[in-house]
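Each chain is listed here by its residues.
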Amino acid sequence: MKKEDVPQDLGALGKITKEVCYATDESGKYTTQLSNGWDVKTTALDAAWHDVEERIAAAKQKVQNNEASPILFFMEKGLMDVQILAGYTGFWQWQVKRHLKPDVFNSLSDKKLQKYAEVFNVSIPDLKTMTIKAE
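The sections below set out a description of the structure shown in this document. Each chain carries its own residue numbering, running from 1 in the direction its sequence is written. Reporting in this predicted model follows two pLDDT cut-offs: at least 70 for local features of residues, and 80 or more for side-chain atom pairs to be given and counted; totals over whole chains, interfaces and linings ignore these cut-offs and use all residues. By convention in this description, side-chain values take in all heavy atoms of the structure and omit both hydrogens and water.

**Observations concerning the overall build of the chain**
Then step 1. For the chain, the count of helices and strands is 7 helices and 2 strands.
Then step 2. Sequence-ordered secondary structure for the chain, helices as α and strands as β, is β-β-α-α-α-α-α-α-α.
Then step 3. Put simply, the radius of gyration uses C-alpha atoms, and a globule should come to 2.2 Å times the residue count raised to 0.38. Relative to the compact-globule value of 14 Å for 135 residues, the chain shows a C-alpha radius of gyration of 21 Å, a clear excess of over 25%.
Then step 4. The dimensions of the chain, computed from C-alpha atoms along their principal axes, are 70 × 25 × 25 Å.
Then step 5. Only protein chains enter the accessibility calculation, which uses a 1.4 Å probe. A residue is then buried if its area is under 20% of the maximum for its type, exposed if over 50%, and partly exposed in between. The 135 residues of the chain split such that 34% are buried.
Then step 6. Whether two residues touch is decided by their heavy atoms; if any such pair falls within 4.5 Å, the residues are in contact. Considering only residue pairs separated by 6 or more positions, the chain has 46% of its internal contacts joining residues 24 or more positions apart.
Then step 7. A 1.4 Å probe and the Shrake-Rupley method give the accessible areas. Residues count as covered only by the protein chains that appear here. For the chain, the computed accessible surface area is about 9,400 Å², with 52% contributed by carbon and sulfur atoms.
Then step 8. Charge assignment: positive for Lys and Arg, negative for Asp and Glu; neither His nor the chain ends contribute. By convention, the charge on Lys lies at NZ, on Arg at CZ, on Asp at CG and on Glu at CD. Between the mean site of the 18 positive side-chain charges and the mean site of the 19 negative ones, the chain shows a separation of 9 Å. Strands are runs of DSSP state E lasting at least two residues, helices are runs of H or I lasting at least four, and both sets are numbered from the N terminus onward.

Structure (structure tokens):
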């Protein structure tokens, strides 16, 4: 793409920051060019965030239906999977999967719950009730 063709559509972060793009200058050499955003990229990101919001809502509903523990909700909210959460907590992946079951979650010790609470940056009571406080 030529330097003058770099998109300048106002993106989601266009008022806050600019994105660095690579483009060719008049002599055909690669150079950097700042961009305010690109409509195509903004549309794709909006669609991706919409999917994330749907996953969070589905996880919340599963917890409310007693089909999963609140850990699932916070995992989705934090864009984590079992492997990532296991890495942060120090639990084995099979343990995290087990802790996703409501009955198992309800019997976890405060020490184990505290590990999850620290990863999700919430208190134990907030973990249990899926409460997120504004920062």
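Read on for the rest.
**Comments concerning the packing of aromatic side chains**
Then step 1. Each aromatic pair joins two rings of Phe, Tyr and Trp (for Trp, the six-membered one) with centres within 6.5 Å, and gets the label stacked for planes under 30 degrees apart, edge-to-face for over 60, and tilted for any other angle. In the structure shown here, the tally under the stated rule is 4 aromatic pairs.
Then step 2. Between the aromatic rings of F73 and F74, the centroid separation amounts to 5.2 Å while the plane-to-plane angle is 80°, which identifies the pairing as edge-to-face. Comparing F73 with F74, the two get one shared label, buried.
Then step 3. Judged by relative accessible area, which is 4%, F74 ranks as buried.
Then step 4. Cluster of aromatic residues (ring-pair linked, three or more members): F73, F74, F91, Y116 and F120.

**Some points on the pattern of salt bridges**
Then step 1. Salt bridges are defined as contacts in which a side-chain nitrogen from Lys or Arg sits within 4 Å of a carboxyl oxygen from Asp or Glu. Tallied over the entire structure, the rule returns 2 salt bridges.
Then step 2. For E19, the salt bridge identified is with K41, shortest N-O distance 2.4 Å. Placement of E19 in strand β1 (residues 19–24) and of K41 in helix α1 (residues 39–64) is noted, with a sequence separation of 22 residues between them.
Then step 3. Residue R55 pairs with E76 through a salt bridge whose shortest N-O separation is 3.0 Å. Of this pair, R55 sits in helix α1 while E76 sits in helix α2 (residues 70–77); the two residues are 21 residues apart in sequence, bridging distant segments of the chain.

Shape descriptors only; they carry no functional weight alone.
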